[in-house]
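What follows is each chain in one-letter form.
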Amino acid sequence: MLIAWTTVPTKVMAETLAASAVASHLAACVQIDGPITSHYIWQGKPEKTEEYRLTFKVLLAKISLLETWLHARHPYQTPEWIVVKAEHVAEKYLSWARENS
Amino acid sequence: MLIAWTTVPTKVMAETLAASAVASHLAACVQIDGPITSHYIWQGKPEKTEEYRLTFKVLLAKISLLETWLHARHPYQTPEWIVVKAEHVAEKYLSWARENS
Amino acid sequence: MLIAWTTVPTKVMAETLAASAVASHLAACVQIDGPITSHYIWQGKPEKTEEYRLTFKVLLAKISLLETWLHARHPYQTPEWIVVKAEHVAEKYLSWARENS
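This report concerns the structure included in the present document. (Residues numbered from 1 in each chain as written. Chains lettered and ligands numbered in written order. Predicted model: local features only at pLDDT ≥ 70, side-chain atom pairs only at ≥ 80, totals over all residues. Heavy atoms only, no water.)

Overview of the overall build of chain A
Of the regular secondary structure elements, chain A holds three helices and five strands. Reading chain A from its N end, one meets helices and strands in the order β-α-β-β-α-β-β-α. Relative to the globule expectation of 13 Å for 101 residues, the C-alpha radius of gyration of chain A, 14 Å, shows essentially globular dimensions. Taken over the C-alpha atoms alone, chain A extends approximately 45 × 25 × 25 Å along its principal axes. In chain A, which comprises 101 residues, the proportion classed as buried is 58%. Across chain A, every contact between residues at least 6 apart in sequence was considered, and the portion connecting residues at least 24 apart equals 69%. A total accessible area of about 4,400 Å² is found for chain A, and carbon and sulfur atoms account for 53% of it. Separation between the mean location of the 10 positive side-chain charges and that of the 10 negative ones in chain A comes to 2 Å. (Helix = DSSP H or I, 4+ residues; strand = E, 2+ residues; numbered from the N terminus. Rg over C-alpha atoms; globule rule 2.2 N^0.38 Å. Buried < 20%, exposed > 50% of the residue type's maximum accessible area, 1.4 Å probe, protein only. Contact = heavy atoms within 4.5 Å. Areas by Shrake-Rupley, 256 points an atom, 1.4 Å probe, with all protein chains shown as cover. Lys, Arg positive; Asp, Glu negative; His and termini not counted. Charge placed at Lys NZ, Arg CZ, Asp CG, Glu CD.)

Some thoughts on the relation of the copies chain C and chain A
Each copy of the chain is related to the other by a rotation around an axis and a translation along that axis. Once turned by 120° and shifted 0.0 Å along the axis, chain C lies on chain A with an RMSD of 0.0 Å. When the rotation and shift are considered jointly, the pair of chain copies conforms to a three-fold rotation axis. Of all interface residues in chain C, a mere 11% are interface residues in chain A too; the two copies therefore contact each other through different surfaces. (Least-squares fit on C-alpha atoms with pLDDT ≥ 70 in both.)

Some words on the interface of chain C and chain A
In this assembly, 27 residues from chain C lie in contact with 24 residues from chain A. Together chain C and chain A conceal approximately 2,100 Å² of surface at their shared face, both sides included; 58% is due to carbon and sulfur atoms. Interface area lost by chain C to chain A is led by C:Q31, C:E87 and C:H88, which between them contribute 23%. The interface formed by chain C and chain A includes three salt bridges. Of the charged contacts, one joins A:E80 and C:K57 as a salt bridge, the two residues approaching to 2.9 Å between their closest N and O atoms. Inspection of the chain C/chain A interface yields 13 residue pairs in polar contact (both at pLDDT 80 or more). If you list the elements that add at least two residues to the side of chain C that touches chain A, you get α1 (11-23), β2 (29-42), β3 (45-58), β4 (82-85), β5 (88-89) and α3 (91-99) of chain C. A breakdown of the residues in the side of chain C that touches chain A according to their chemical character gives 15 nonpolar, five polar and seven charged. (Buried area = accessible area lost by both parts, 1.4 Å probe. Salt bridge = Lys/Arg side-chain N within 4 Å of Asp/Glu carboxyl O. Polar contact = N/O pair within 3.5 Å; in protein donor to acceptor, adjacent residues only side chain to side chain. Nonpolar A, V, L, I, M, F, W, Y, C, P; charged D, E, K, R; others polar.)

Let's talk about the nonpolar core
Within soluble globular proteins, side chains that are nonpolar tend to cluster in buried spots. Among the nonpolar cores identified, the biggest contains 117 residues, and A:F56, B:F56 and C:F56 are the most heavily contacted of them. Contact partners of A:F56, with chain neighbours within four places excluded, come to A:L2, A:I3, A:A4, A:T6, A:A21, A:A27, A:C29, A:V30, A:L66, A:L70 and A:W81. (Core = buried A, V, L, I, M, F, W, Y, C linked by side-chain atoms within 4.5 Å.)

Concerning helix α1 (residues 11-23) of chain A
The end-to-end C-alpha distance of α1(A), which contains 13 residues, comes to 18 Å, matching closely the 18 Å that a straight helix rising 1.5 Å per residue would cover. Burial in α1(A) covers these residues: A:A14, A:E15, A:L17, A:A18, A:A21 and A:V22. Tucked into the core, α1(A) has its buried residues touching β1 (2-8), β2 (29-42), β3 (45-58) and α2 (63-73) of chain A together with β2 (29-42) and β3 (45-58) of chain B. Trailing α1(A) by a residue or two, A:H25 shows a phi angle of about 55°, which is positive. (Expected span 1.5 Å × (residues − 1).)

Re the interface of chain B and chain A
The interface of chain B with chain A comprises 24 residues on the first partner and 27 residues on the second. Between chain B and chain A, the buried area comes to about 2,100 Å², and carbon and sulfur atoms account for 58% of it. When the area that chain B buries against chain A is broken down by residue, the three leading residues are B:H39, B:I41 and B:I82, summing to 30%. The tally of links between chain B and chain A comes to three salt bridges. Residues A:D33 and B:R53 are paired through a salt bridge, measuring 3.1 Å at the closest nitrogen-oxygen approach. The tally of links between chain B and chain A comes to 13 residue pairs in polar contact (both at pLDDT 80 or more). Elements with a minimum of two residues in the side of chain B that touches chain A: β1 (2-8), β2, β3, α2 (63-73) and β4 (82-85) of chain B.

With respect to the relation of the copies chain B and chain A
Rotating chain B by 120° and translating it 0.0 Å along the rotation axis places it on chain A, where the RMSD comes to 0.0 Å. By residue overlap, the copies meet through two different surfaces: only 12% of the interface positions of chain B are interface positions in chain A.

Quick notes on α3(C)
Considered for burial, the residues of α3(C) that qualify are C:Y93, C:L94, C:W96 and C:A97. Each buried residue of α3(C) lies within a common arc of 160° when the element is viewed along its axis, so the set occupies one face. For α3(C), the exposed residues lying more than 90 degrees away from the buried face are C:E91, C:R98 and C:E99. Check the buried side of α3(C) and you find it contacts β2 and β4 (82-85) of chain A together with β2, β3 and β5 of chain C. (Arc of directions from axis to C-beta.)

This is how it looks when you write it as structure tokens:
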């Protein structure tokens, strides 16, 4: 199982993407937290933005599909998309994820 | 060191589990954040739930014990339990974790 | 790319560190979330503290420098500093990170 993160500018957009990803069986679960404050440099200038973070729990078999799906719907030109591999997942949780992704 | 995540339905439950895990030396530190919004499918239906997220910082030697301990106390039938391995931990922080787990 | 986490006691301190790390090209992006509640043992006693969490997105080449930089500025004697390796990062996001770190 993998964990993937992105951020979006509004709660409404976060809710829409989370619900769609789950309904499309691209992620077993998507969590939204925020508002968070992001600091970064964009076109040479330091920026500070309020955002909502999405945490996707994804099976290996779905991760490429989810990345493409998300980039087609994401409002940013260069969205955050960082994926981390789980070292271990509880057996029951993994079974549930397999049945629902 | 490992990082493990779960979610629970209330702040009170999150506080109780966090304090007990630390007092029982199963985790060096437990952080609570939320409320977060979780989207997932349960028994064939899309669900959306407010939850609190627990982030456990755990030594390798304690992770199995913590997983068993948590599942015995967790209110859900199929709690999230995802573990990620740290690539690196600051030396002082790791020493502190070893002394307190 | 790596993800690194620390926590600080105030939002103001979190903002200052995040903005400086980005301006110094030590991290491509720093996100602040919180307040979170941390449970841990300090000098033999269980403690519970409100904190703000910083999530740094960092290139491999900058991680040691960032660790040293952060420890020189961090108010705690033993700050959290946990680093996780990304399994995958979207190409455009990685390019952007390379140009801005």
